[in-house]
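Architecture and fold: a report
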Amino acid sequence: MVSDLYKMHMSKLGVVVVSSNHPCESLTSLALEHARSLSCAAVEVVVEKRNTCVATWDNDAVSSAISFGPEEKSNMTVLAYLRGGRCGRVSGGVGSDASVRRMVDLAVERAAASTASNTAGPADKYAQNDQGLGLYDKRQSQLTDESRETVVNENVEDVRSQAGVEPMAFHYTEELVHRQVVNSGGLEQYEMSTRYTLLGR
């Protein structure tokens, strides 16, 4: 189910959430369905949707920070398994149903041309990012372009406050990542994470 927090965040990005499914589910479901139609022995699918917001300042270009985004990119990895222990792997960006089907088709083609292996097959479980950096920050949905620019501008001023030091550029990146891993055996894992990066020179 989509949380109220997620709906709020998507609303701030100008996206209307009309489905109770999380952002990756339509892509993983389509990939599994298409793989089954091709009579694969098994299939694994990983989908990652990444929303990126940026605030940047350059000493030669602007007097204060400016914001860009959000920019959304979706990437998918498909592992298709055929009988006899053959496996084909494909990774790349996806943006439509047709691109998902093409990726599955290519994975099956690569599996057909691969060397058989007695150990080929979907994983029994997947590692999950449940500690350390990369956890989902619930405050992220409340951030605005103004607050992102403030982070950059305050760091610029902090550097300028040091005698004999002049900043050249600062670049702030904020990422909201949705990731789902599924396989044809019924295993499914979904996680949501945030990451913040500030670079200066």
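Structure: see above.
Thresholds applied
Residues numbered from 1 in each chain as written. Predicted model: local features only at pLDDT ≥ 70, side-chain atom pairs only at ≥ 80, totals over all residues. Heavy atoms only, no water. Helix = DSSP H or I, 4+ residues; strand = E, 2+ residues; numbered from the N terminus. Contact = heavy atoms within 4.5 Å. Areas by Shrake-Rupley, 256 points an atom, 1.4 Å probe, with all protein chains shown as cover. Buried < 20%, exposed > 50% of the residue type's maximum accessible area, 1.4 Å probe, protein only. Pairing = 2+ DSSP bridges. Axes fitted to C-alpha atoms, helices over the stretch in contact; angles between N-to-C directions. Parallel < 35°, antiparallel > 145°, perpendicular 65-115°, else oblique. Left-handed = near helix turned anticlockwise from the far one by under 90°. Nonpolar A, V, L, I, M, F, W, Y, C, P; charged D, E, K, R; others polar. Core = buried A, V, L, I, M, F, W, Y, C linked by side-chain atoms within 4.5 Å.

Details of the overall build of the protein
- In terms of regular secondary structure, the protein is built from four helices and five strands.
- Mapped in sequence order, the helices and strands of the protein form the string α-α-β-β-β-α-α-β-β.
- Within the protein, counting contacts between residues at least 6 apart in sequence, those at least 24 apart form 67% of the total.
- Accessible surface computed for the protein: about 11,500 Å², of which carbon and sulfur atoms make up 48%.

Quick notes on the pairing of strand 1 (residues 42–58)
- Counting buried positions along strand 1 gives 13 out of 17 residues, so the element sits mostly inside the fold.
- Relative to strand 2 (residues 66–82), strand 1 runs antiparallel, the two sharing 14 bridges. Opposite Val-47, over in strand 2, you have Met-76 as the bridge partner.
- Sheet analysis places strand 1 next to strand 4 (residues 169–183), joined by 15 bridges and oriented antiparallel. Paired with Thr-56 across the two strands is His-171, which belongs to strand 4.

A closer look at the packing of helix 2 (residues 25–37) against helix 3 (residues 97–112)
- Packing of helix 2 against helix 3 brings their axes to within 9 Å, and their N-to-C directions diverge by 45 degrees. Judged by the inter-axis angle, helix 2 sits oblique to helix 3. Relative to helix 3, helix 2 is oriented so that their crossing is right-handed. Contacts from Leu-27, Leu-30, Ala-31, His-34 and Ala-35 of helix 2 reach helix 3 at Asp-97, Val-100, Arg-101, Val-104 and Asp-105.
- Here the residues of the contact of helix 2 with helix 3 sort into six nonpolar, one polar and three charged.

Re the sheet that holds strand 2
- Read across the sheet, five strands follow the order 3-2-1-4-5 without closing on themselves; strand pairing throughout is antiparallel. In this open sheet, the two strands that pair with only one neighbour each are strand 3 (86–93) and strand 5 (188–200). Between one strand axis and the next, the sheet turns by 15 degrees as a mean value, whatever way the strands run.
- Against the sheet, helix 2 makes contact with strand 1, strand 2 and strand 4, and its axis sits at roughly 150 degrees relative to strand 1, the strand it touches most.
- Sheet strands touched by helix 4 (residues 145–160): strand 1, strand 2, strand 4 and strand 5. Its angle to strand 4, the strand with the most contacts, is close to 135 degrees.

Some thoughts on the environment of Ala-80
- Mapped onto the elements, Ala-80 comes out in strand 2.
- For the pair formed by Ala-80 and Ala-112, sequence separation is 32 residues and the distance between their alpha carbons is 9.5 Å.

As for the nonpolar core
- Of all hydrophobic cores here, the largest spans 23 residues; its most connected members are Val-45, Met-76, Val-78 and Val-100.
- Mapped onto this core, the elements with two or more residues apiece are helix 2, strand 1, strand 2 and helix 3.
- It is helix 3 that contributes the most residues to this core, six residues altogether.
- With residues up to four places along the chain from it excluded, the contact list for Met-76 reads Leu-27, Ala-31, Val-45, Val-46, Val-47, Val-90, Ser-91, Gly-92, Val-94, Val-100 and Met-103.
- Counting residues in each nonpolar core, the second largest holds seven residues, with Val-152, Val-156, Phe-170 and Tyr-172 among its members.

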